[in-house]
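So you can see what is in the structure, the chains are spelled out below.
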Amino acid sequence: MINLYYFLFLVRRTFLTLVTCSIILSCQSEKESAILEGKLLAGKYCSSCHLFPEPALLDKNTWINGVLPAMAAQLGIEVLQGNVYLPGKNSVLTGKEWSRLVEYYNTLAPDTLQKATLPFAVVNGWNNFSLKKPENDSGAISSTTMVAIDEKKQRILTSNSERSAIYEYNSDLELLHSTDLPSAAIDISFAQNTGNELIITCMGGMQALDITKGQIIGYKQKDNKTNLVSSDLIRPVQTRPLDYNKDGLQDYVVCAFGHNRGGLYILEQNADHTFKSIPIRELPGATQSIVRDFDHDGWPDIMTLFAHGDEGIWLFLNNHRGGFITKNIMRFPPSYGSSSFQLIDMDKDGKEDIVYTAGDNSDYSRILKPYHGIYIYKNTGELTFEKTFFYPVNGCTKAIAADFDKDGDTDLAVIAFFADFKSNPAETFMYFEQENKSMTFKPYAIPVASNGRWICMDVNDYDNDGDPDVILGNYSKGFLNQENVKPSWNVHVPFVVLENNILSKNDK
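This one's a predicted model, so the numbers in the text were calculated from it and none came from an experiment.

Draft legend 1. Structural view of the overall build of the protein chain. The secondary structure content of the protein chain amounts to four helices and 31 strands. Considered along the principal axes of its C-alpha atoms, the protein chain spans approximately 110 × 55 × 50 Å. A buried classification covers 52% of the 508 residues belonging to the protein chain. By sequence separation, contacts in the protein chain at least 24 residues apart represent 51% of the contacts at least 6 residues apart. Surface accessibility of the protein chain: about 23600 Å² in total, with carbon and sulfur atoms responsible for 52%.

Draft legend 2. Fine view of the side chain of Thr 158. One can find Thr 158 in strand 6 (residues 155-160). Not counting residues up to four positions away in its chain, the partners in contact with Thr 158 are Met 146, Val 147, Ala 165, Ile 166, Tyr 167, Tyr 169 and Phe 495.

Draft legend 3. Spotlight on the sheet that holds strand 27 (residues 429-434). The strand order across the open sheet built from five strands is 3-28-27-26-25, with neighbouring strands paired in mixed fashion. Whereas interior strands pair on both sides, the edge strands pair on one side only; in this sheet they are strand 3 (123-124) and strand 25 (396-402).

Draft legend 4. Local environment of helix 3 (residues 95-108). When the terminal C-alpha atoms of helix 3 are compared, their 20 Å separation across 14 residues agrees well with the 20 Å that a helix rising 1.5 Å per residue should span. Among the residues making up helix 3, those that are buried are Trp 98, Arg 100, Leu 101, Val 102, Tyr 104 and Tyr 105.

Draft legend 5. Summary view of unusual backbone geometry. Despite not being glycine, Leu 173 has its phi angle at roughly 65°, a positive value. Locating Leu 173 in the fold gives a position in the loop between strand 7 (165-169) and strand 8 (175-180). One non-glycine residue, His 273, lies in the positive phi region at around 70°. Residue His 273 is classed as exposed on the basis of its relative accessible area of 53%.

Draft legend 6. The packing of aromatic side chains, seen in detail. Under the definition given, this model contains 28 aromatic pairs. Consider the rings of Tyr 104 and Tyr 105, whose centres lie 4.9 Å apart with planes at 70°: the pair is edge-to-face. A relative accessible area of 2% means that Tyr 104 is categorised as buried. Given the relative accessible area of 0%, Tyr 105 is considered buried. Judged by centre distance (5.9 Å) and plane angle (15°), the rings of Phe 332 and Tyr 336 are stacked. For Phe 332, a relative accessible area of 3% puts it in the buried group. Assessed through its relative accessible area of 15%, Tyr 336 is described here as buried. Between the NZ or CZ atom of Lys 246 and the centre of the ring of Trp 299, over which it lies, the distance is 5.0 Å.

Draft legend 7. Quick peek at the side chain of Ser 289. Along the chain, Ser 289 falls in strand 17 (residues 286-292). Owing to a relative accessible area of 4%, Ser 289 belongs among the buried residues under this scheme. Not counting the four nearest positions on each side in its chain, Ser 289 is found in contact with Gln 238, Arg 240, Val 253, Cys 255, Leu 264, Ile 302, Met 303 and Thr 304.

Draft legend 8. Representation of helix 2 (residues 60-74) in the model. In this model, helix 2 (15 residues) spans 20 Å end to end at C-alpha, consistent with the 21 Å of a helix rising 1.5 Å per residue. The largest bend in helix 2 is about 40°, located at Leu 68, with the proline Pro 69 one to four residues further on. Buried within helix 2 are the following residues: Thr 62, Trp 63, Ile 64, Gly 66, Val 67, Leu 68, Pro 69, Ala 70 and Ala 72. Buried residues belonging to helix 2 abut strand 1 (77-80), strand 2 (84-87) and helix 3. In this structure Asp 59 caps helix 2, since a side-chain oxygen of it lies 3.1 Å from the backbone nitrogen of Asn 61. Within two residues after helix 2, Gly 76 carries a phi angle of roughly 85°, on the positive side.

Draft legend 9. Layout of the sheet that holds strand 29 (residues 454-460). Read across the open sheet, the four strands follow the order 4-31-30-29; overall the sheet is antiparallel. Two strands close off the open sheet at either side, each with one partner strand: strand 4 (129-132) and strand 29. Sheet twist, expressed as the average angle between the axes of neighbouring strands with direction ignored, equals 20°. As judged from the four bridges shared by strand 30 (residues 469-474) and strand 31 (residues 495-500), these two strands associate in the antiparallel manner. Following the sheet pairing, Gly 473 is matched in strand 31 by Phe 495.

Draft legend 10. A look at the environment of Asn 361. Structurally, Asn 361 is set in the loop between strand 22 (353-358) and strand 23 (373-381). Put simply, Asn 361 and Ile 200 are 161 residues apart on the chain and 26 Å apart in space, counted from C-alpha to C-alpha. Excluding anything up to four places from it in sequence, Asn 361 contacts Arg 366, Ile 367, Lys 369, His 372, Phe 418, Phe 479 and Asn 481. There is a polar contact of 3.0 Å between the side chain of Asn 361 and the side chain of Lys 369.

Draft legend 11. Inspection of the pairing of strand 7 at higher detail. In terms of burial, strand 7 is largely enclosed, as five of its five residues are buried. Going residue by residue along strand 7, you find Ala 165, Tyr 167 and Tyr 169 tucked away on one face and Ile 166 and Glu 168 tucked away on the opposite face as well. By the bridge criterion, three bridges tie strand 6 to strand 7 in an arrangement that is antiparallel. In the sheet register, Leu 157 faces strand 7, and the bridge partner there is Glu 168. In this structure, the hairpin formed by strand 6 and strand 7 is closed by a connection of four residues.

Draft legend 12. Representation of the nonpolar core. Counting residues in hydrophobic clusters, the biggest one holds 43 residues, and the most contacted among them are Leu 68, Trp 98, Tyr 105, Ile 354 and Tyr 356. Not counting chain neighbours up to four residues away, the residues in contact with Ile 354 comprise Ile 313, Ile 329, Met 330, Phe 341, Gln 342, Leu 343, Tyr 375, Ile 376, Tyr 377 and Phe 385. Counting residues in each nonpolar core, the second largest holds 23 residues, with Cys 396, Val 414, Met 430 and Met 439 among its members.

Draft legend 13. Focus on the state of the cysteines. Taken as a whole and assessed by the stated rule, the structure comprises zero disulfides. Here Cys 49 is not cross-linked by a disulfide; its sulfur's nearest cysteine counterpart is in Cys 46, at 8.1 Å. Free cysteine: Cys 202, not disulfide-bonded; nearest cysteine sulfur from Cys 456 at 14 Å. On the basis of relative accessibility, which here comes to 0%, the residue Cys 202 falls in the buried class.

So, how was this worked out
- Residues numbered from 1 in each chain as written.
- Predicted model: local features only at pLDDT ≥ 70, side-chain atom pairs only at ≥ 80, totals over all residues.
- Heavy atoms only, no water.
- Helix = DSSP H or I, 4+ residues; strand = E, 2+ residues; numbered from the N terminus.
- Buried < 20%, exposed > 50% of the residue type's maximum accessible area, 1.4 Å probe, protein only.
- Contact = heavy atoms within 4.5 Å.
- Areas by Shrake-Rupley, 256 points an atom, 1.4 Å probe, with all protein chains shown as cover.
- Pairing = 2+ DSSP bridges.
- Expected span 1.5 Å × (residues − 1).
- Phe/Tyr/Trp six-rings, centres within 6.5 Å; stacked < 30°, edge-to-face > 60°.
- Lys NZ or Arg CZ within 6 Å of the ring centre and 35° of its normal.
- Bend = angle between axes of the 7 residues up to and from the residue.
- Polar contact = N/O pair within 3.5 Å; in protein donor to acceptor, adjacent residues only side chain to side chain.
- Axes fitted to C-alpha atoms, helices over the stretch in contact; angles between N-to-C directions.
- Core = buried A, V, L, I, M, F, W, Y, C linked by side-chain atoms within 4.5 Å.
- Disulfide = S-S within 2.5 Å.

Structure below.
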């Protein structure tokens, strides 16, 4: 016969166990419910501005102390010291809803991001390149903002933020002369039939601010004279000529990259040769445009890379009536830091593919990211693309595709302004040689990391020997994202040239 006291003990223990389990399950259910609510809120409010950002894209600390406080302000929520959030009168979320959103990212984000695995081993060496540097050194810290090779005249053009001017060098890297500009140049177009020999874009300032006004300048090399095309746009970063309405007058498409302002604009030329600004997509982050007749109807269209927030590539098809039909080609999460793209046939199938780089790392998530690097998207027809290649490069800034080794396929030259300077400074410039098998590359770490920190690059034949050379611009005034890292490179040389010797080598 069971002892009555023992029986009551078993009943009590069973009851307490059931109550405890019920409480645990209730807490788990409540937490899961809160996380689900946070995900739905993030999908609703974050996705209203850009592609939905998955928690795994960043670590917990970056979400909580970097990105979410910045995003709170965009949603009308005041951020106090210590990440205390107070919804304002214009807030689109309640305090409880915002807490749920924060909990979603804090719960599911990793403590740290896993490092990317390199698909191909890196070879250290010069390949077919040799280093050339200009003789002059003013002793100033280099702040080069633009480098360009004028293949037709066998000249190199540069600009910097220390002194707003355009500098011209000959093929021996001797400075010929300089011409003052209203602000530092960041882009130059050598397109013909523009009424000027060159079109220079002056961004007004390095920081992406909404108060910064830049200039579009016409530059005639034969007499070193400039004329102002526009001075009203927010921090323009690229200009390309086109006659978008086919009236016989030269117009321009301009990318403007402020903080909350900017966008893609047409500068339409009037009959009296003045210009008016027409917005195409007025969102900040317009970075780079390519003008082509993409739909083969005889009218110029525009393909543009947007960064900063709603990142991606958009196509603007000319509607023949002074406007454009917008089509999104691809979108990327806002942490990608889209930095450049190029249209080129990488696999020799007769269709232009997209070479894209992600790596701008100057905003709210200044950490190394395994998805930064070079991407190739294969053209599958009808303006659709699919990813066929990725190589991780921390802080990747730009890639330029060309047949550097003259073997009939297309190679890549790549710079990274936000490289891993602590563990892998060699990735500041890399050369990817495409091998016989399509889309298979041999990466080379060309040993130029000690000569500068590369923010800009151009590729062309500067010495008129038949093969493409590379010029790299050194910007050594920029901040470093990594702690306890100081410049270990030459901070004074304004640029270097990597002279391609493949043809002379083959002749020997």
